[in-house]
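Read off the chains here:
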Amino acid sequence: MAEKIFRVNMSDLSVKIEEVPAAWRGLGGRALTSTIVAAEVPPTCHPLGKHNKLVVAHGMLSGTRAPSSGRLSAGAKSPLTGTIKECNAGGTASQLLARMGIKALIIEGLPTASQFYALTVTTDGVEIKPENDLIGLGNFEVIEKLEIADNKALGLLSIGPVGERRQLAANISVKDPDGKIRSLGRGGLGAVMGSKRIKYIVLDATDAPRKIALADEEKFKGAAKTFTKVLIDHPVSGTSLGDYGTDVLVNLINEVGGFPTRNFRTGQFEKHELISGEHMSELMKSRGGKPKHGCHAGCVMQCSQVYVDKEGNYVTSGFEYETIWAMGAHCCIADLDLLAQADSIMDDIGIDAIETSVTMGLAMEAGIIEFGDGPGLLKLLQEIKEGTPLGRILGSGAGATGKVYGIRRVPVVKNQAIPAYDPRAIKGIGITYCTSTMGADHTIGYTIATNILKCGGFVDPLQKEGQVELSRNLQITTALIDSLGFCLFIAFAILDDEKGLPAMVDMVNARYGTSLTIDDMLDLGKKVLKTERAFNQAAGLNNAHDRLPEFFADERLAPHDAIWDFSDEEIDEFWNF
Ligand code: SF4
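All of the points below concern the structure found in this document. As the structure is a computational prediction, the values presented were derived from the model and not from experiment.

## Quick look at the overall build of the protein chain
No. 1: Helix and strand counts for the protein chain come out as 23 helices and 17 strands.
No. 2: By the compact-globule yardstick of 25 Å for 577 residues, the protein chain fits well, its C-alpha radius of gyration being 22 Å.
No. 3: With the C-alpha coordinates of the protein chain rotated into their principal frame, the extents come out at 60 × 50 × 50 Å.
No. 4: Here the protein chain holds 577 residues, and 64% of them are scored as buried.
No. 5: In the form shown here, the protein chain has an accessible surface area of approximately 19900 Å², with 49% of it arising from carbon and sulfur atoms.
No. 6: Taken together, the 59 basic and 72 acidic charged side chains of the protein chain have centroids lying 4 Å from each other.

## Observations concerning the packing of aromatic side chains
No. 1: Applying the stated criterion to the full structure yields 14 aromatic pairs.
No. 2: The interplanar angle of 75° and the centroid separation of 6.1 Å between the aromatic rings of Y446 and F492 together place this pair among those described as edge-to-face. Pair noted here: Y446 is in the loop between α16 (427-435) and α17 (448-451) and F492 is in helix α19 (residues 491-496), with a separation of 46 residues, a long-range link. Just as Y446 is buried, F492 falls in that class too.
No. 3: The aromatic ring of F116 is capped on one face by R197, whose charged end is 5.5 Å from the ring centroid.
No. 4: Its guanidinium or amino end placed over the ring of F551, R409 lies 4.5 Å from that ring's centre, counting from NZ or CZ.

## Some words on the packing of helix α18 (residues 467-484) against helix α21 (residues 518-538)
No. 1: Their axes nearest at 7 Å, the elements α18 and α21 cross at an angle of 95°. Relative to α21, the element α18 lies roughly perpendicular. Residues Q475, I476, T477, A479, L480, S483 and L484 of α18 form the contact with α21, whose own contacting residues are M521, L522, L524, G525, K526, V528 and L529.
No. 2: Residue composition of the contact of α18 with α21, by class: 9 nonpolar, 4 polar and 1 charged.

## Some points on a positive patch on the surface
No. 1: A surface patch of positive charge is lined by R65, K211, K221 and K225.
No. 2: Within the secondary structure, K221 is located in helix α6 (residues 217-233).

## Looking at the pairing of strand β1 (residues 4-9)
No. 1: Along β1, 5 of the 6 residues are buried, which leaves the element largely enclosed by surrounding structure.
No. 2: Bridge analysis of β1 against strand β6 (residues 102-108) gives 6 bridges, and the strand direction is parallel. Residue pairing across strands places I5 opposite A104, the latter belonging to β6.
No. 3: Adjacent in sequence and paired antiparallel, β1 and strand β2 (residues 14-19) are bridged by 4 residues, among which L13 carries a positive phi angle near 55°.

## Topic: unusual backbone geometry
No. 1: The omega torsion of the bond from A558 to P559 falls at 10°, within 30 degrees of zero and hence cis.
No. 2: Counting through the fold element by element, P559 comes out in the loop between α22 (551-554) and α23 (568-572).
No. 3: Look at C332: it is not a glycine, yet its phi comes out positive at around 60°.
No. 4: With respect to the helices and strands, C332 occurs in the loop between α10 (321-330) and α11 (336-349).

## Let's talk about the site of the ligand
No. 1: The ligand sits among R71, H293, G294, C295, H296, C299, M301, Q302, C303, S304, C487 and F489.
No. 2: Residues of the shell around the ligand, tallied by class, amount to 6 nonpolar, 5 polar and 1 charged.

## Focus: the environment of G466
No. 1: With respect to the secondary-structure elements, G466 resides in the loop between α17 and α18.
No. 2: Once the C-alpha coordinates of G466 and K427 are considered, the two residues, 39 residues apart in sequence, prove to be 9.8 Å apart.

## Describing the sheet that holds strand β12 (residues 198-204)
No. 1: In space, the 6 strands of this open sheet follow the order β8-β7-β12-β9-β10-β11, with mixed pairing throughout. The open sheet has two edge strands, β8 (125-130) and β11 (181-184), and neither has a second partner. Going across the sheet, the axis of each strand differs from the next one's by a mean of 20°, ignoring polarity.
No. 2: Here strand β9 (residues 154-158) pairs with β12 via 5 bridges, running antiparallel. Across the sheet, residue L156 finds its bridge partner in β12, namely V202.
No. 3: Packed onto the sheet, helix α2 (residues 93-100) meets β7 (117-122), β9, β10 (172-175) and β12 and runs at close to 55° relative to β12.

## Description of the sheet that holds β6
No. 1: The 6 strands lie next to each other as β2-β1-β6-β3-β4-β5, forming an open sheet whose pairing is mixed. With one partner strand each, in any of the chains shown, β2 and β5 (84-89) form the two edges of the open sheet. Strand-to-strand twist of the sheet, defined as the mean angle between neighbouring strand axes without regard to direction, takes the value 15°.
No. 2: Relative to β6, strand β3 (residues 54-58) is paired through 4 bridges, and the arrangement is antiparallel. In the sheet register, L54 faces β6, and the bridge partner there is I107.
No. 3: Where α2 meets the sheet, its contacts fall on β3, β4 (72-77) and β6, and the angle it forms with β3 comes to roughly 80°.

## Some words on the pattern of salt bridges
No. 1: Taken as a whole and assessed by the stated rule, the structure comprises 31 salt bridges.
No. 2: The salt bridge involving D546 is made with K414; its shortest N-O contact spans 2.8 Å. Highlighted residues: D546 in the loop between α21 and α22 and K414 in the loop between β16 (412-413) and β17 (416-417), separated in sequence by 132 residues.
No. 3: Overall, the relative accessible area of 11% leaves K414 in the buried class.
No. 4: When salt bridges that share partners are traced, they join R7, E18, E40, K53 and E108 into one network.

Rules used in this analysis
- Residues numbered from 1 in each chain as written.
- Predicted model: local features only at pLDDT ≥ 70, side-chain atom pairs only at ≥ 80, totals over all residues.
- Heavy atoms only, no water.
- Helix = DSSP H or I, 4+ residues; strand = E, 2+ residues; numbered from the N terminus.
- Rg over C-alpha atoms; globule rule 2.2 N^0.38 Å.
- Buried < 20%, exposed > 50% of the residue type's maximum accessible area, 1.4 Å probe, protein only.
- Areas by Shrake-Rupley, 256 points an atom, 1.4 Å probe, with all protein chains shown as cover.
- Lys, Arg positive; Asp, Glu negative; His and termini not counted.
- Charge placed at Lys NZ, Arg CZ, Asp CG, Glu CD.
- Phe/Tyr/Trp six-rings, centres within 6.5 Å; stacked < 30°, edge-to-face > 60°.
- Lys NZ or Arg CZ within 6 Å of the ring centre and 35° of its normal.
- Axes fitted to C-alpha atoms, helices over the stretch in contact; angles between N-to-C directions.
- Parallel < 35°, antiparallel > 145°, perpendicular 65-115°, else oblique.
- Contact = heavy atoms within 4.5 Å.
- Nonpolar A, V, L, I, M, F, W, Y, C, P; charged D, E, K, R; others polar.
- Patch = residues over 30% accessible without salt bridge, like charges linked within 9 Å, V, L, I, M, F, W, Y side chains within 5 Å.
- Salt bridge = Lys/Arg side-chain N within 4 Å of Asp/Glu carboxyl O.
- Pairing = 2+ DSSP bridges.
- Near = heavy atom within 4 Å.

In structure tokens, the structure reads:
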């Protein structure tokens, strides 16, 4: 079955099913969403206007038995950063789209009426119908009312009230195998979906084949087996992530002094043990939760968890290190139960947990509430949920909140909040924050792997030497990983095990009947980065946007007395490839 492009125009509520253009045939995931956005979206358009497009695509290996390959990519021009944006998430949608033979779903135009709509996508086409009953509801209630939680053939993308209001930190939720939520989190893509007046999209794969056709079944099986072993044998992807989740990083990043505390004032949080992965794992074991859990079928690393309260009731899952850091050390709240409750609220109202939690620290900096005030943080989330004037400011992210309250120390790059690793103490990640095509984003070139975990060698996090090259190499590889539909966390193992990359390329060739080499695949990663960079330049961004806020160069960070000391020329070296 040849894959198709499904194109929905919300201006006239029409649907087209198109052949895949030759230039897009070998692409998937981030490579495809960024290529389509760059080709079809005018870079200077308003992100919430009729010229922006929301593009959803499965990864190149999604739907196959390649381990941990079920990540869904979504792309658009970001209303938060003004740049091109790709987000990826687990859940069931990527594998369902692949089985349905839908290479990409492109949503364009704006409806003329203020009416909201719902889309139902089947292998035959897309039905667009008005939606009134579920407007204003949170994502959990949408799943419940649609009665789709347990139906494995039905996937869902939805927005909460924050997306309906087109606030800049709104995300898109993706139903996971348990009927819960994974998030296309960063960059405000939920606002783009809200601007197109789409409350939710059901993916109905009832009539889709169960299996994806492979060019060479036997070769694929062998390569997938090798790749699975590479992941399982590695201490990070095979053991630590499953045992403690990503929150295993709390103690580690605190130990190296790169754990930003009290809005990036120091690099260590005295109460770090109380929010650590080790503590969470023990709590979940004692309460009957699950310390180990997958965000999509076929993940062998399973860094997620099912977090339950003292009575054993479900609270949240996909409770990540970065969210825990931001509400924990950044806001100085050492209460995992309260943070889990806040994480669940953010999932429900449909807002990026990193952007919003960093914004909460700025609300504390502004004196709206005190540092350490957990109940106060929950009240502010309620303001966002209700769309009060203060809630609308906070729901517009850290940059907007900083401007409205006259704050000087605002940790953003290209208006997107800096996540959980201080760039003064871990300099490689600082280069990633600066040069990311999508604003500050740790996932786009995760130098923690080499700076801290010593995967693929070691580059001293406190020294400048080697950081630009490290970030560049990881950003190229990550662009490839995001295009294949793999979870970023496969990177630890492929950096250390020389069997990893060849097995990955073998799977692609066995899936598509191609004869690509490792260099061909890395060239694809480079091309993705350059395509994204060219879009941003045409949108008006330049080297001056590739910079950290000045307080990182003015204020030394304890305990290492570390400072951000890269010159502009040194940062700009990144793009010399
Ligand atoms: S390792 Fe974690 S984030 Fe990655 S695919 Fe598995 S459960 Fe999802």
